Amino acid sequence: MKTQLPIIERAIAHGNRIAMQASGRETSYQQLVEASAVVAKSLLNGMENLDEARVAFLVAPTESYIQSQWGIWRAGGVAVPLSLSATEKELEYTLMDSRTSTVIAAGDLAGKIEPLCKRHSIRLLLFDDLPINGSANLPQVSTDRRAMILYTSGTTSKPKGVVTTHTCIQAQIESLIEAWHWQPSDRIPLFLPLHHIHGIINIMSCALWIGAEIESFPRFNLDSILDRVANRAYTVFMAVPTIYVKLIEALEQMDASQREDIIRGFGEMRLMISGSAALPASVHQKWTELTGQELLERYGMTEIGMALSNPYEGERRPGAVGQPLPGVEVRLQNETGETVQEEGLSGEIQVRGPNVFEQYWDRAEATSDSFVDGWFKTGDMAVFENGYYRIMGRSSVDIIKSGGYKLSALEIEASLLDHPMITQCAIVGVADETWGETVAAAVVIRSGESLDLNSLQAWCKDRISLYKIPRMLIVVDELPRNAMGKVTKPAVSKLFE
Ligand code: MLC
Ligand code: AMP
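Description of the structure in this document. (Residues numbered from 1 in each chain as written. Chains lettered and ligands numbered in written order. Predicted model: local features only at pLDDT ≥ 70, side-chain atom pairs only at ≥ 80, totals over all residues. Heavy atoms only, no water.)

## Some words on the overall build of the protein
So, point 1. Scanning the protein from terminus to terminus reveals 15 helices and 26 strands.
So, point 2. Relative to its length of 497 residues, the protein is compact, with a C-alpha radius of gyration of 23 Å against a globular reference of 23 Å.
So, point 3. When each of the 497 residues of the protein is scored for burial, the buried share is 57%.
So, point 4. Intrachain contacts of the protein at a sequence separation of at least 6 include 66% that bridge at least 24 residues.
So, point 5. Of the roughly 21000 Å² of accessible surface on the protein, a fraction of 48% belongs to carbon and sulfur atoms. (Helix = DSSP H or I, 4+ residues; strand = E, 2+ residues; numbered from the N terminus. Rg over C-alpha atoms; globule rule 2.2 N^0.38 Å. Buried < 20%, exposed > 50% of the residue type's maximum accessible area, 1.4 Å probe, protein only. Contact = heavy atoms within 4.5 Å. Areas by Shrake-Rupley, 256 points an atom, 1.4 Å probe, with all protein chains shown as cover.)

In structure tokens:
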């Protein structure tokens with residue numbers, strides 16, 4: 001018998017255990033395995049192997065998402081998850097850049113992508129039209145094959161595709177299974193988007209690898225999640241800092257009797273994790289005061305999976321991100337290219353290990369520029385203090401983290417420059433208690449015109465995703481520039497103080 005990809009082998013072994021609950025439906029591991037074979041067969045359409053052809057999928061976070069992802073993998077394809085909140089323009093960019101040959105779409109989402117598939121002669125596979133079952137002779141897929149492309153914003157205007165192989169994904173998963181003591185008896189809610197690593201790897205793939213149970217929600221819906229927490233539905237919980245801020249606000253507004261069960265539900269979980277952006281020490285402490293839970297903060301990135309984590313057992317230090325995860329090597333390098341040896345001195349975080357991605361899709365130069373001597377340069381600055389790493393910030397002012405989403409100021413600027421009234425613009429991230437940073441725009445407009453925030457936001461709506469839309473606007477006569485004529489972002493930030 002042919003061997004399967006490890007995640008499929010494991011799912012076969014998990015058999016009739018429940019893998020996912022979504023909208024009241026339960027799906028077992030066996031059902032995931034069977035349905036993914038049907039997806040694979042339809043994708044292959046008579047071919048022997050997709051040989052790393054890119055298959056994008058626009059599927060809500062239900063069992064259909066897992067079946068699509070596994071189906072693509074089992075057919076030998078590269079999975080390209082699409083953002084459910086992307087605009088048509090953004091989707092088109094992803095399809096074109098990845099040179100996607102087939103798109104899988106489920107439910108109402110098909111209508112959103114169909115015109116694009118027609119325009120670019122991309123095959124569209126409607127998930128709901130697939131046969132219910134059927135046997136398939138599937139190819140043997142080697143684990144060194146490319147498996148996934150995740151699009152991430154960076155210091156270039158357009159997002160880059162981060163390519164990982166099956167081996168790399170496995171390394172990312174196994175490191176977290178070990179460090180965070182994942183168990184088959186775990187139950188975890190999934191409300192983060194499934195086009196980013198936090199939702200895909202840390203939550204979904206780790207749970208499926210170990211044979212645990214996922215309860216998925218269409219989006220972050222505070223009331224339904226709190227309701228389930230009160231019913232002791234979960235043992236593990238993972239979220240971005242913005243969510244903990246929103247949970248604290250909600251709990252503080254309730255009276256003691258209203259929140260008693262919820263607090264007990266959180267307090268009894270075996271593990272609660274925060275990541276994707278800095279967790280303010282005050283939020284960490286407030287959460288412990290409210291629930292008795294000490295949040296475990298960790299640090300990661302699309303290109304490397306997770307790299308640093310506070311310990312499962314031992315001190316979870318507020319404001320710090322702990323030590324390297326199993327199998328991951330971390331060093332700090334200073335501006336002159338030397339490894340920082342002394343505690344308390346800052347340097348760029350550089351990472352090496354089987355968890356690190358293979359390449360940026362179709363961008364050989366960007367790939368080689370992002371490595372030095374085999375170490376990936378994260379662009380994040382940190383110090384090592386009393387045994388723990390602490391993140392100091394990023395080396396680029398053009399990267400913004402809002403609600404855990406990484407945004408490129410340059411990409412938003414390029415979009416705003418299409419606005420008929422805007423002649424110049426600068427985007428900065430302004431510190432915000434709830435969102436970490438919030439997108440702020442300073443613009444110069446044509447003389448005699450006027451522009452307010454509401455009309456700018458309405459204009460942005462069809463062009464850029466909701467979370468990239470500016471929340472603050474200042475119209476100025478001139479943008480602050482240095483002697484070379486380059487816009488000075490720190491001076492732009494001051495305009496919003
Ligand atoms: C949205 N709103 C904002 C805003 N974003 N207001 C101010 N600043 C912002 N940045 C407004 C919206 O316009 C809307 O207003 C209201 O807030 C609710 O927006 P929403 O997007 O619907 O909010 P919500 O559903 O509550 O979502 C918040 C969230 C979401 C935190 C759940 O942003 C999210 O899922 N973030 C996680 C992203 C993620 O997974 N990142 C991981 C990347 S991987 P109105 O007026 O319309 O109501 C990574 C690596 C690693 O980073 O280490 O993990
Ligand atoms: P992304 O490219 O979306 O994967 O985001 C990765 C970035 O998120 C990192 O480069 C960091 O800047 C940031 N990040 C992730 N976790 C943390 C954390 N615990 N503290 C501070 N920043 C974080």
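From this point, things continue past the structure.
## A word on the site of ligand 1
So, point 1. Taken together, 25 residues lie near ligand 1, and Ser276, Arg298, Lys401, Ser402 and Arg471 sit nearest.
So, point 2. One nitrogen or oxygen atom from the main chain of glycine 300 is found 3.3 Å from an oxygen atom belonging to ligand 1.
So, point 3. Interatomic distance of 3.1 Å between a side-chain N/O atom of threonine 438 and a nitrogen atom of ligand 1.
So, point 4. If ligand 1 stood free it would expose 1100 Å²; the protein chains cover 75% of that surface.
So, point 5. Those elements that provide at least two residues to the shell around ligand 1 are helix H7 (197-210), helix H9 (241-253), strand S13 (296-301) and strand S22 (399-402).
So, point 6. Class assignment for the residues of the shell around ligand 1 results in eleven nonpolar, nine polar and five charged.
So, point 7. Residues lining the shell around ligand 1 come from more than one domain, with at least three contributed by each of domain 1 (204-394) and domain 2 (399-494). (Near = heavy atom within 4 Å. Polar contact = N/O pair within 3.5 Å; in protein donor to acceptor, adjacent residues only side chain to side chain. Nonpolar A, V, L, I, M, F, W, Y, C, P; charged D, E, K, R; others polar. Domains from an automatic or database assignment.)

## A short note on the packing of aromatic side chains
So, point 1. Using the criterion set out here, one finds 14 aromatic pairs in the structure.
So, point 2. Of the aromatic side chains, those joined through ring pairs into one cluster are Phe191, Phe220, Phe237, Tyr244, Phe266 and Trp287.
So, point 3. In this structure, lysine 158 is placed above the aromatic ring of tyrosine 93, and the distance from its NZ or CZ to the ring centre is 5.3 Å.
So, point 4. Lying across the ring of tyrosine 388, arginine 317 places its NZ or CZ 3.9 Å from the centre. (Phe/Tyr/Trp six-rings, centres within 6.5 Å; stacked < 30°, edge-to-face > 60°. Lys NZ or Arg CZ within 6 Å of the ring centre and 35° of its normal.)

## A look at empty space enclosed by the protein
So, point 1. Counted by the stated rule, this structure contains one cavity of 30 Å³ or more.
So, point 2. By volume, the largest cavity amounts to about 100 Å³.
So, point 3. Taken together, Leu5, Pro6, Ile7, Trp73, Thr143, His166, Ile169, Gln170, Ile173 and Trp209 make up the lining of the largest cavity.
So, point 4. Going through the elements one at a time, helix H1 (6-14) and helix H6 (166-179) are the ones with two or more residues in the lining of the largest cavity.
So, point 5. Broken down by element, the residue count for the lining of the largest cavity peaks at four residues, all from H6.
So, point 6. Within the lining of the largest cavity, the residues separate by chemical class into seven nonpolar, three polar and no charged. (1 Å grid on protein atoms, 1.4 Å probe; cavity = no way out; pocket = protein on both sides within 12 Å on 5 of 7 lines; lining within 4 Å. Points joined across faces, edges and corners; volume = space filled by probe spheres on them.)

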